[in-house]
Amino acid sequence: MAYKLPELAYAYDALEPHIDARTMEIHHSKHHQGYINKTNAALEGQDALLAMSLEDVLKDLDAIPESIRTAVTNNGGGVANHSLYWRTMGPNGGGEPTGVLAGAIDAAFGGFAGFQEKFSNAALTQFGSGWAWLIVDGSGGLQVVSTSNQATPLSDGATPLLTLDVWEHAYYLKYQNRRPDHVKAWWNVVNWAEVARNYEAAMG
Ligand code: MN
């Protein structure tokens, strides 16, 4: 048993002009594939862990043998984080959430604009490589957080709903050092229907 690169639900050029096709192709077929390969190598022979979902493996880092823990968390985090990232973007994205999720965002952040500002700020102030997140925390509340490198909020007892990759490889070809321009453009491709499904699943 081994992990496989998930297919995108849209073409590499589907997020143009906000995220360019070349960046999408390299990001998915090289970076994400690389994390898949290294996760499979790290987990070779670990039948108990391979029988679990990768998300469940990342929820309990203490259960991973110490000799492979760093390799599994770095690379497995890279697999899980990118899988959520692809799913929560799409063509015809952007706008604002509706329904139960919209109400929860209003209650937690004082409105969508307040949430957007907080999330953008998390993405812009993450020093070096990492991710910005909207999560459901262990108490069922919405929070905006950021993580370094390939760390995932799953390992902190949270459920990620939406994430933005702020590693330079996610935007450098089109935006070079202009992370703020990338973050601003990314809001146009957020797949709020998928984020709402994640929220409903997290809240049972
Ligand atoms: Mn990435």
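Details of the structure are given in the entry above.
For every chain, the first residue of the written sequence is number 1, and numbering continues from 1 onward in sequence order. Given that the model is predicted, a residue must reach a pLDDT of at least 70 before its local features are reported, and side-chain atom pairs must reach 80 or more before they are shown or counted; all residues, however, enter totals for whole chains, interfaces and linings. The side-chain quantities take in all heavy atoms of the structure and omit both hydrogens and water.

Points about the pairing of strand β3 (residues 159–165)
Our working rule: Note on classification: 1.4 Å probe, protein chains only; a residue is buried when its accessible area is under 20% of the maximum for its type, exposed when over 50%, partly exposed between these limits. Helix numbers and strand numbers start at the N terminus; a helix is a DSSP run of H or I with at least 4 residues, a strand a run of E with at least 2. Only strands that DSSP links by at least two bridges are regarded as paired with each other.
With six of seven residues buried, β3 is to be regarded as a mostly interior element. Bridge analysis of strand β1 (residues 130–136) against β3 gives six bridges, and the strand direction is antiparallel. Each residue of the ladder has a partner; that of Val136, found in β3, is Thr159.

Some thoughts on the pairing of β1
Every regular strand shows the same layout, with side chains that alternate between the two sheet faces. Of all seven residues in β1, seven are buried; the element is thus mostly enclosed. Judged by which residues are buried, β1 turns out to be covered on both faces: Gly130, Ala132, Leu134 and Val136 on one side and Trp131, Trp133 and Ile135 on the other are all buried. Sheet topology places β1 next to strand β2 (residues 142–148); seven bridges connect them, and they run antiparallel. By the bridge assignment, Leu134 is partnered in β2 with Val144. Between β1 and β2, which follow one another and run antiparallel, lie five residues, and Gly140 among them has a positive phi close to 85°.

Examining the environment of Asn37
As for its position among the elements, Asn37 is in helix α1 (residues 21–42). Classification of Asn37 as partly exposed rests on a relative accessible area of 43%. When the C-alpha positions of Asn37 and Asn177 are compared, they lie 29 Å apart, and in sequence the two are 140 residues distant.

Section: the sheet that holds β3
Cut-off, in case you're wondering: Simply put, an axis is a line fit to the C-alpha atoms, just over the touching stretch for a helix, and the angle between two N-to-C directions goes from 0 to 180 degrees. Contacts between residues were defined by any pair of non-hydrogen atoms, one from each residue, lying within 4.5 Å.
Strand order in the open sheet formed by three strands is β2-β1-β3, with antiparallel pairing between adjacent strands. The two strands at the open ends of the sheet, each matched to only one other strand, are β2 and β3. Taken pair by pair, the neighbouring strands of this sheet meet at an average axis angle of 25°, ignoring direction. Where helix α9 (residues 192–202) meets the sheet, it contacts β1, β2 and β3, and its direction lies at approximately 150° from that of β3.

Digging into the side chain of His27
In plain terms, the rule: Counted as a polar contact is a pair of N or O atoms within 3.5 Å, where, for protein atoms, one must be capable of donating a hydrogen and the other of accepting one, and residues adjacent in sequence contribute only when both atoms are in side chains.
Summarising the element assignment, His27 is placed in helix α1. What makes His27 buried here is its relative accessible area of 1%. Here the side chain of His27 touches His82 through a polar contact of 3.0 Å, side chain to side chain.

A short note on the packing of helix α6 (residues 112–125) against helix α8 (residues 179–186)
Inclusion rule: Note: crossing handedness is left-handed where the near helix turns anticlockwise from the far helix by less than a right angle, and right-handed where it turns clockwise. Note on residue classes: Ala, Val, Leu, Ile, Met, Phe, Trp, Tyr, Cys and Pro are nonpolar, Asp, Glu, Lys and Arg are charged, and everything else, Gly too, is polar.
Packing of α6 against α8 brings their axes to within 10 Å, and their N-to-C directions diverge by 145°. Considering how the two elements wind past one another, α6 and α8 form a crossing that is right-handed. Together, Phe119, Ser120, Ala123 and Leu124 of α6 and Arg179, Pro180, Val183 and Trp186 of α8 make up the contact between the two elements. Residue composition of the contact of α6 with α8, grouped by class: six nonpolar, one polar and one charged.

These figures come from the coordinates and say nothing about function on their own.
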